[in-house]
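# Results of the structural survey
Letter by letter, the chains look like this.
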Amino acid sequence: MTASARLPAGGRIDREQPLSFVLDHRLLTGYAGDTLASALLAQGIRLVGRSFKYHRPRGLLAAGVEEPNGLLTLGEGGRRTPNVPATVVELHEGLFCQRQNGWPSVDFDLMAATSWLAPLLGAGFYYKTFMGPRRGSWMFYEPFIRRAAGLGRADHLPDPDRYETRHAFTDVLVIGAGPAGLAAARAASRAGCRVTLVEQDFLLGGSLLSAAIGSADDILRATLEADVAAMPNVEVLRRTTALGVYDGDTVALVERHDHARPDPSKGEAREVVITLRARAIVHATGAIERSLVFGDNDRPGVMLAGAVRTYLNRYAVAVGRQAVIATNNDSAWSTALDLAGAGVGVTLLDERIEAGNGLADAARRAGVDVRHEVRLCRALGRRAVQGVEFARRGGAIERRACDVVGISGGWSPTLHLTSHTGSKPTFDVGLDGFVPGPFAPGHYGAGAIMGTRSLARSLAEGHAVGDAAARHVGAAASAGSAPAPTEEAPTGHAASPPDRAPGRGKAFVDFQNDVTTRDIELAHEEGYHSVEHLKRFTTLGMGTDQGKTSNVDAARHMAALRGIDMAAAGTTTYRPPYTPVSVGALAGRSKGTHFRATRRTPMHDWHLMNGAVMIEAGPWLRPWYYRWAGRAVGSAYVEEMRLVRTGVGISDVSSLGKIDVRGPDAALFLDRVYVNAFAKLPVGKARYGVMLNDDATVLDDGTTARFDDNTFFMTTTTAQAAEVMSWLEFLLQTAWPELRVQVVSVTDRWAGMSVAGPKAREAIALALPGVDLSSEALPYMGVREFDLDGTPVRILRLSFSGELAYEIYVPADKGTSMWTHLLEQAAPLGMRPYGLEALASLRIEKGHVAGLELDHRNTLDDLGLGAMASKSKAFIGRELAGREALKKPGRWSLVGLELLEPTAKLRGGAILFSRHDALEGHGRGYITSVTWSTEHHKLIALALYEDGRMHEGEEILCAYPLKNEIVRARIVSPMFVDPSGERVRA
Amino acid sequence: MLRIPCPHCGERDYTEFRYAGDATKTRPAHGTTDARAWHDHVFLFVNPKGPHREHWQHVQGCRQWLVLERDTGTNAVGRSWLARAGEPS
């Protein structure tokens, strides 16, 4: 640990506001305005982590989102967040963080022994070595390998924080608040547009923030910020990252509030995801500096030159006292000059023959030792850099002692977002980097993203595109004149492609994933030549930094090996998100019960107050079973079944889909959509119907009643209600607009309850004494509508359970009063409520198919419903039902099963085999529904089985590999109860 | 995120709609007994890259089925009209 690196004055930090934070249980201090990274460097903490694979000591490389090394774990408990770059964390009081990937600690890491194994650990090593000798070997080794490699660990506690989602619209979105972005926002707002300016940093200014306080660039920054702040039509979003650009110029933004330590109990959000629709987008995302590739270039203290300058000027941290700056372009000269100005000894190594205008003179005046046409070979030192070796091309190696190395391998425009729009990057030889391809209409770029290195030109471009974007969205006012730079910065002399270094030691390309030049050579030898293959073979660019500093270097290295140019090598695909985003932010409030809407029946509150245990059925909450019948579902549903088979019970069927079908052609319409005839259904009667899809698979079943010539009341299954409704609307609006029919979903308008059991008629007679329930007045499948004290009531005599049963419908707001009225009046008969489990079990016993059997692959014949299809009329699906494959033997069809081993279990999903089959593969069918039969006192099931009913009486095997069970069962008729239907007609 | 113009409700997010595919095909008349015609209608689709017409239903709005012009190459959305009304002249 070295002494404080903080300079006595300067920087954009507030020395009046010291902040305490904890690193690895040590209490440290920084200032407001610091990032976690600058605060650590100010404390002299260089070693921030251990590398992914080799556990090499690592320090900070960068000062922004591109940081590959300085990943820390932030927070504790449910707030614990691993792999956060220290460079993007705004320091706040009480910040708690830990370094990662060292054992027992990052400072003393025994796992660094993997470095000695390094020759074995090249790209592809794991997969090649641990794949053998048997299939499944990788599965065995993987957990051990993951423990040794890998970065921080997440916790498994619920996140206590709140995350919000917001939708927003704007005219012109400007992404990035550097000089170009500020100029664009200024111009577009002056032209009269609604402007949204987003900046991932907590300060505006971009590259200008790295200029010394009081310098011309600093004054320019303040002016631009004031200009933008003065415009009421600009919304400035700081600490906000544009994650991705999507169709329709929709941009996903995430706004972070960590610095304010939001309190979820006050409704304050930690992060907000904003879905912003913009009419025009200005991309002013800047550029990211690349590193140089040389031996041991990952030693702590080797940093991007731009980052060294940022730490010096913005945070008043002199990272070292003796600096070596190595570069292939002009930008690093600013770092050298500013370091020299702060009293740091500087040696500048430039790979080129000469630098931009006036730089050499300025450097000489500042006392910088400049060397041209030399390149770095190797960094010296281990836990901190202690010097460098460098050489002229073909010349002898020289050494220079230093404690910081600033490197610059050129700049890569940040074209992630433009690539999301489909704009393919092109290689600019003069810039030695990829620039965005042509933009879609309404998209503009300005500044460093376009390869522009000059400040004056960035400002002019920003102003011009801000104005153009304003014109694009129809703004009429003048944008005024462009902001003028106070002084021209270096001209941005063209970079030369960096040479590959000849020195010893590992030369890292991707620091985060420990990918070296040797790995790229190996990929080349193995034939993984394209950048996409290279990426997958070496994992290059697949870390949380997504290779922001390394992808171009890797492509260059491979291009050299292949003897092709960079344009031909290309880039890998850029995909959202630009920087990592927390899952919590993406989920927003859509978690737990808010994940989706919950539908409740009109009698919901009654169920809760009267001992119902509820269960989710699709979006619905329905009573599963009632506590009167037992404490657990296994015993309760059997008790409830007994009640219905021997007495009378009532269940809530409000969730059934209900559709009002009305109009002069309603009967004709139903005749077309159901396989069976409906045109001649008499008024006052209901009929069970089945619908097919166009391809002849079964879509849904249900009962439809006719209340007058032109009015039908259709019910659908709970699960398919929305699907059927859309399908009917589709037919009426697109295929048969000539039919005079209206369909309206009335699911929520009617409360439904089924009164079932041998005593059902008596029960209703007690509750509704004026209604004639005799079989003559209300026969099986008869319906009746009447008025009860001003309330319309519909009674349909139909049965799902196989017992005498009535469905009673009343308007939703009368549901609970009718329900309680029925229960109170029928109390002498012992009527009680029964839940979904018993309801489903009763129908299994009766052999009624439901959602579990209707798997959208079965035909009418498969379900034993073939006889329902009308021979005398056309219906949807009729023609394709005759397809050869649907008529062939061997199809899986509906059967009943009874268990032959009293102590065993039948299980839904069990795979069925004949007794002579080998027990492997998909078998001859599967069990769809299982229940205890109160009639037969054994477990029974419905199943789909190859050529089903032809095997009736046969003994088969039910395999359930998840529990290692194989049990014997017999194929029987699926109608376990009252096959002749006497009970329902009683 | 696509924005879809609904003739009744105005421009809305595509999340309010459901998609039902190709709107350039004509459904065989009800009662057509030619199984080949049904086969072609149900199973055979061209999958063009470029301008296309699709059926979308505004399920969370007016519940009308629309014909929407969409470029499958660029996702650019064009005109829309009610399916029952037919293309405006």
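Just above sits the structure.
How each quantity is defined
- Residues numbered from 1 in each chain as written.
- Chains lettered and ligands numbered in written order.
- Predicted model: local features only at pLDDT ≥ 70, side-chain atom pairs only at ≥ 80, totals over all residues.
- Heavy atoms only, no water.
- Phe/Tyr/Trp six-rings, centres within 6.5 Å; stacked < 30°, edge-to-face > 60°.
- Helix = DSSP H or I, 4+ residues; strand = E, 2+ residues; numbered from the N terminus.
- Buried < 20%, exposed > 50% of the residue type's maximum accessible area, 1.4 Å probe, protein only.
- Pairing = 2+ DSSP bridges.
- Contact = heavy atoms within 4.5 Å.
- Polar contact = N/O pair within 3.5 Å; in protein donor to acceptor, adjacent residues only side chain to side chain.

Residues and elements named next belong to chain A. Scanning the entire structure with this criterion turns up 16 aromatic pairs over all chains. Taking 6.1 Å as the distance between ring centres and 80° as the angle between the ring planes, the aromatic pair formed by F669 and W736 counts as edge-to-face. Taken together, the residues F669 in helix α18 (residues 666-673) and W736 in the loop between α19 (721-735) and β37 (742-745) connect sequence positions 67 residues apart. The same class applies to F669 as to W736, namely buried. Here F707 and F713 contribute two aromatic rings whose centre-to-centre distance is 6.2 Å and whose plane-to-plane angle is 70°, an arrangement assigned as edge-to-face. Using a relative accessible area of 13% as the deciding quantity, one classes F707 as buried. An aromatic cluster of three or more residues is present, and its members are F707, F713, W750 and Y809.

Another aspect to go through is the pairing of strand β31 (residues 620-626) of chain A. Residue and element names in this part refer to chain A. Of all seven residues making up β31, six are buried, and the element is well covered by its neighbours. Pairing between strand β29 (residues 599-600) and β31: two bridges, direction parallel. Considered in β31, the bridge of R600 is made with L621. As paired elements, strand β30 (residues 612-617) and β31 share six bridges and run antiparallel to each other. Paired with E616 across the strands is L621, a residue of β31.

The next point concerns the environment of K658 of chain A. All names here are of chain A. Tracing the sequence through the fold places K658 in strand β33 (residues 657-662). Given the relative accessible area of 0%, K658 is considered buried. Through-space distance from the C-alpha of K658 to that of T747 is 4.5 Å; in sequence the pair is 89 residues apart. Once residues lying within four places of it in the same chain are set aside, the contact partners of K658 are V653, F713, M714, T715, V744, S745, V746, T747, W750 and Y809. Reaching out from K658, the side chain makes a polar contact with the backbone oxygen of S654 at a distance of 2.6 Å. In terms of polar contacts, K658 uses its side chain to reach the backbone carbonyl oxygen of L656, at 3.1 Å.

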